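Here are the chains, one letter per residue:
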Amino acid sequence: MNTAPDDSVFHLDTAHDASGDAHIRITGDLDWDSADDLAEAARTLLCADPAPRRLHLDCARLTLCDSLGLASLLMVHRTCAEAGVSLHLDNRPALLRRLLDLTGTAFLFDDDATGAEVPDTSGEAAAPPSPPPPSRA
Amino acid sequence: MTRVEGSSPPGQELLSSVGAAWTRAPYPSLVVDTAGALVEVNAQAARLFPAAGKGVPLARAVPDWLVEGHRRAAVGGADAAGPVRGRHEQWTLEAHATSGADGQVVWWLVDDTHRELAETALRNEQERTRFLAEASSRLLASLNTERCMEVAVELASQYLADAAVLVAPAAGRRHPLSLCAGGEVEHRTLRIDPADVPGLKEALQGFPPVPSRWIDPSALPEWALPDGFTGPVGSVVVTPLPGHGVPAGALILLRRSDQAAFDASEELFARVFAARAGAALSAARLYMEQSSITATLMEDLLPPLLRRVHGVEFAGGYRAAQDTERVGGDFYDVHPGAAPGEKTLAVLGDVCGKGLEAAVLTGRIRGTLQALLPLAGDHQHLLRLLNGTLLNSRHTRFATLVLASVVRQENTAHLSLTSAGHPPPLIVRQDGAVEEARTSGTLIGVLPDVRSVTAEVDLRPGETCLLYTDGVTEARGGPLGDVMFGDARLRDALAECAGMPAEAVVERIHMLVAEWIGDNRHDDIAVMAITAPRTTHLTAVDGHTAGRYTA
Amino acid sequence: MTDMTTAQEDGTLARSRDALWQAVWARDEDAAARAVFAALDAGVDPEAVLLDVIAHTQREVGRAWAENRFSVAQEHSATAIHERIIAAMAHRVPAPVTETPGTTVTVACVDGEWHALPARLLAEVLRLRGLRVDFLGAQVPTPHLIAHLHATVPTAVALSSSLPLRLPTAHSAITAVQAIGVPVVAGGAAFGTDGRYARLLGADAWAPDARSAAGLLERGLPRPAGGAVRQSVDDLPHLVDQEYTLVVRAKRRLVRNTLAGLEERLPAMRAYSEAQRERTAEDVLHIVEFLACSLYTDDSGLFTGFLDWTADILEARQVPARVLEPALALLQKELKDFPRTLGLLDQGRDTLRRRGTRPSVPGPGAPA
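Basis of the calculations
Residues numbered from 1 in each chain as written. Chains lettered and ligands numbered in written order. Predicted model: local features only at pLDDT ≥ 70, side-chain atom pairs only at ≥ 80, totals over all residues. Heavy atoms only, no water. Helix = DSSP H or I, 4+ residues; strand = E, 2+ residues; numbered from the N terminus. Buried < 20%, exposed > 50% of the residue type's maximum accessible area, 1.4 Å probe, protein only. Pairing = 2+ DSSP bridges. Axes fitted to C-alpha atoms, helices over the stretch in contact; angles between N-to-C directions. Left-handed = near helix turned anticlockwise from the far one by under 90°. Contact = heavy atoms within 4.5 Å. Nonpolar A, V, L, I, M, F, W, Y, C, P; charged D, E, K, R; others polar. Buried area = accessible area lost by both parts, 1.4 Å probe. Salt bridge = Lys/Arg side-chain N within 4 Å of Asp/Glu carboxyl O. Polar contact = N/O pair within 3.5 Å; in protein donor to acceptor, adjacent residues only side chain to side chain. Expected span 1.5 Å × (residues − 1). Arc of directions from axis to C-beta. pLDDT = per-residue confidence, 0-100.

Participant: Honestly, unusual backbone geometry in this entry has me stumped. Any pointers?
Facilitator: Generally, phi is negative for residues other than glycine and the peptide bonds are trans, each holding for most cases. Unusually for a residue other than glycine, B:His310 sits at a positive phi of about 45°. Looking at the secondary structure, you find B:His310 in the loop between α8 (264–301) and β11 (313–319). Looking at B:His310, the relative accessible area reads 27%, which means it is partly exposed. Not every positive phi belongs to a glycine, and C:Arg27 is a case in point at roughly 55°. Secondary-structure assignment places C:Arg27 in the loop between α1 (6–25) and α2 (29–41).

Participant: So what exactly am I meant to see when it comes to the pairing of strand β4 (residues 91–99) of chain B here?
Facilitator: Residues in a regular strand project their side chains so that they alternate between the two faces of the sheet. All names here are of chain B. By the bridge criterion, 5 bridges tie strand β3 (residues 84–88) to β4 in an arrangement that is antiparallel. From the neighbouring strand, His 88 faces β4, where its bridge partner is Trp 91. Connecting β3 to the next strand, β4, in antiparallel fashion are 2 residues, including Glu 89 with a positive phi near 50°. In this sheet, strand β5 (residues 105–111) lies alongside β4 in antiparallel orientation, the contact comprising 7 bridges. The residue bridging Ala 95 from the neighbouring strand is Leu 109, located in β5. In this structure, the hairpin formed by β4 and β5 is closed by a connection of 5 residues, where Asp 102 is found at a positive phi of approximately 55°.

Participant: Is there a simple way to think about the packing of α2(C) against helix α3 (residues 46–66) of chain C in this case?
Facilitator: When two helices pack together, you describe them by how their axes are tilted relative to each other and by the distance separating the axes. All names here are of chain C. Where α2 meets α3, the axes come as close as 10 Å, and the angle between the chain directions of the two elements is 145°. Between α2 and α3 the crossing geometry is right-handed. Of the residues in α3, those in contact with Val 36, Ala 39 and Leu 40 of α2 are Pro 46, Val 49 and Ile 54. Counted by class, the contact of α2 with α3 contains 6 nonpolar, no polar and no charged residues.

Participant: Before we go on, may I ask you to explain the interface of chain B and chain A in this structure?
Facilitator: Bring the parts together and some accessible area is lost; that lost area is often taken as the interface size. Taken residue by residue, the interface counts 21 residues in chain B and 15 residues in chain A. Both faces considered, chain B and chain A share a buried interface measuring about 1400 Å² in area, 63% of it formed by carbon and sulfur atoms. Among the residues chain B hides against chain A, the three largest losses belong to B:Thr396, B:Phe398 and B:Leu447. Together they make up 31% of the total. A:Arg98 is the partner of B:Asp487 in a salt bridge, and the nearest nitrogen-oxygen pair spans 3.4 Å. Taken together, the connections running from chain B to chain A amount to 6 residue pairs in polar contact (both at pLDDT 80 or more).

Participant: Can you walk me through helix α3 (residues 64–76) of chain B in this structure?
Facilitator: One turn of an α-helix holds 3.6 residues; hence residues three or four places apart share an orientation. All names here are of chain B. Helix length check: α3 (13 residues) gives 18 Å between terminal C-alpha atoms against 18 Å at 1.5 Å per residue, within 8%. Burial in α3 covers these residues: Trp 65, Leu 66, Gly 69, His 70 and Ala 73. Burial along α3 is one-sided: seen end-on, the buried residues are contained in an arc of 135°. Facing away from the buried side of α3, by more than 90 degrees, are the exposed residues Asp 64 and Val 75. Trailing α3 by a residue or two, Gly 77 shows a phi angle of about 100°, which is positive.

Participant: Sorry if this is basic, but what is going on with the pairing of strand β23 (residues 525–531) of chain B here?
Facilitator: All names here are of chain B. With 7 of its 7 residues buried, β23 lies for the most part within the structure. Here β23 shows no split at all, with Ile 525, Val 527, Ala 529 and Thr 531 on one side and Ala 526, Met 528 and Ile 530 on the other all buried. As paired strands, β11 and β23 are joined by 7 bridges and run antiparallel to one another. Bridging from a neighbouring strand, Arg 319 pairs with Ile 525 of β23. As judged from the 5 bridges shared by strand β20 (residues 464–468) and β23, these two strands associate in the antiparallel manner. Bridge pairing in β23 links Leu 466 to Ala 529.

Participant: Would you explain the sheet that holds strand β5 (residues 205–207) of chain C in this entry?
Facilitator: All names here are of chain C. Pairing within the open sheet is parallel, and its 5 strands lie in the order β2-β1-β3-β4-β5. Of all strands in the sheet, those with a lone pairing partner are β2 (132–140) and β5, marking the two edges. Adjacent strand axes in the sheet meet at a mean angle of 20°, parallel and antiparallel pairs treated alike. Bridge analysis of strand β1 (residues 104–110) against β2 gives 6 bridges, and the strand direction is parallel. Bridging from a neighbouring strand, Thr 106 pairs with Asp 134 of β2.

Participant: How should the confidence of the model for chain C be read in this particular structure?
Facilitator: One rule of thumb: low pLDDT means the predicted coordinates there are not for detailed reading. All names here are of chain C. When pLDDT is averaged along chain C, the result is 89; 94% of the residues meet or exceed 70. With pLDDT under 50 throughout, residues 358–368 is counted as low confidence; its partners more than four residues away or in other chains account for 31 contacts. Both confidence scores are given for the complex: pTM 0.77, ipTM 0.86.

Given below as structure tokens:
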């Protein structure tokens, strides 16, 4: 996974790590322009064979999340729940924590809240503010 | 020098001053002496002026303008005279003078007829182009069909005819008509039979125009004559106004009998003009149809005008994200309690997304809430039902909102406030202290179940509860540019609003946010103020506050 | 309208004004309504009640705010009370029945203009005189105005603006309205006490007050031919020097740099709180905006008038006006390549110098 040359432009970096987990790193503003891209990227990753057990969204470089951005996160959550994949929102910036708290949706993204029956082996803390970044391939 | 054969008898000294080829020169030429008598006439000139011959006075053989030209050349010298121009029979001639022997003047004549015709045609063409450019810009200036018809007949009667009548396709059984003669435009809506005017029915059906010469001017019905038109009709042109697939109408041009009849090129030009008028009229019609549909739809979607209800002031303000779209994702409503002691339900919310999709979702939420009003006393229940109706397997578009149930007891307004994933309302007290209502809850429309906590708040006279969307706090701007308006500034602004009427609070907050935003782009912004009045309210002023067109 | 003599009526008007003033000062809506309805009951012409009582009091409110005798809350409350009373009057005094209301007028405020009351008063006066009126309210985006005009084709548009900063916006509104063949009457303080800016921007007419505006609109104005939209440089050829454009585009940078410069020059400013700093930045922004507006109109009076007015406002709040001077000096450094701008800043500094010399320590948080 390479750092894109321009972090001011929205982009997604996707990867599978050695343990078979899927990762999406979100850079830039998640809004009207970009929300669909995230949902689409997640759907593509979940279709991989074999399917990943976990999907990690790395939000460290997320600079803005508006209501459509939140809608896309909710869509990813729904897709994961249907596929039995556990979803993890890693490195949530303050703006995202605030939005999730305000809208009463933070609990959805607490670990294992997707209801997927996947044992959590990542050892991540259950409640972010800022969990350590996951290891990358 | 060689003597040459010519129309003049040979043996003249003349030929010492002109070339041998002179008599066969392709241009007419005359030699005239100082006394004004013809000395020599070449073959071309003899053909042009049959009366010309040696010794004949010039005045007897050629038109006056040439005689006058010669008089001046004889006095001032041939070189000084310059060319003279004039008509002779069907030709336009240009005559150039050169000096001959013994003060004689040699006139060379050039047929200028074609150049003049070309210049006239060019002038006409330029004039028509200028007219069409002006016509287009004036026709396209208004998107109002009646105004557009008015301009079309004004232009046509000024430039193309003595009077013009535009017949629009029937609306129902009546045809709108615009008529103009002498500058005054009349609009009529009449039940007419287009078949009364030869070619009109065809034109309204989009068939090719009927040639003017086929139309009997005396057969025109009374309705086709503008009031200002005097004198018998001499000639008529009926031409279709081509529209978007269907004709936009037909134009009838009238000339009085004392004017020249329409010629073929004028008829053609009338068609060119009609094409432009038709395009403009079609655009106007399309626009009017669209805007009336939009206006009808928006009546239901635009936030309502708020007023005092049962002794509590309600005021709202809304500004859509794009200035060209007045319907967006933010909304508010007030549903008055059935009687003064009953609760009034106010709601302010924000649906995810923009434009028509958001507006449709907004409409569903407002409609559902209206239907659920009997349950307004139990916010949790109401939100659960609303959530259920909005759940959708295809998308995760959601709404956040605040519910406020309001009832006045004595001088106090009692509020139950419930946030469903929305920024909690702010309350400004009499002393300017600002508090946040302690309510929170889940957004609506995505999750199978929703939970919320309701806050109970009392407003004493002059105190206000402000409901707002995040368009307020997330507005970017300020004197330094890209800074968020934020919670702190909103609280500071609200602190100044203690004791203000609800409308003034809304206006103040809106104004500060608008100034903060300046020229920047912004999201939808909605605020609602619920205020306990400082004084017992004025029955004469209750309700019916005339509102504004836009927030 | 009334049997009263002029002297009686003058007495009643004066009493109503006093009573209304007392009422809005106390933010007492009931008392305010009583004051107005008492005048109507006494037979005073409703138009006189609108213009000589309500509009008069509203002007006094503005003056009281400028002199720091009224708080922001009092000022806003007074406006809201006036709005409500006007609405109530509209129900109480029906418009005369006219056979054919031949004249229809659209009354609107320029986009960005919040002071709707003068336009509202005009709309009510026109209604009382039997004209058909569409009142579009405060800050009407020009596209909305134009859409409304396409749908309704009124006889004329009355365009209101009180802030000179809105003149460029007013200009584009005027030309857009004229382009669709509707004449524009401009009114409000923004267009100058003598209407000079209305003429400059090519309005079809200007009116100093609601009565003369109503008179103009009753007599009627010729329709402009319509057609292509006139561009700003057609009316204001000086704009080709680009100084207006460049100053507007550099607005934020100019504010930031001037603020940084002020902090360097004036040690007292370094102790400012964030809020005080923001107020000062707003003051500087206003200076830049009025500078731009003067460049647009090529009229230095707008800029020097603004500085004089701001100085009055500051002094009413015990802030010396000399705080403005260093800001102008810093702007001159930033804009040294713009001759027209430099000239305006020179005139601005002269204006401030003529106000006399006082200590030049900026007071924090002065409202502009």
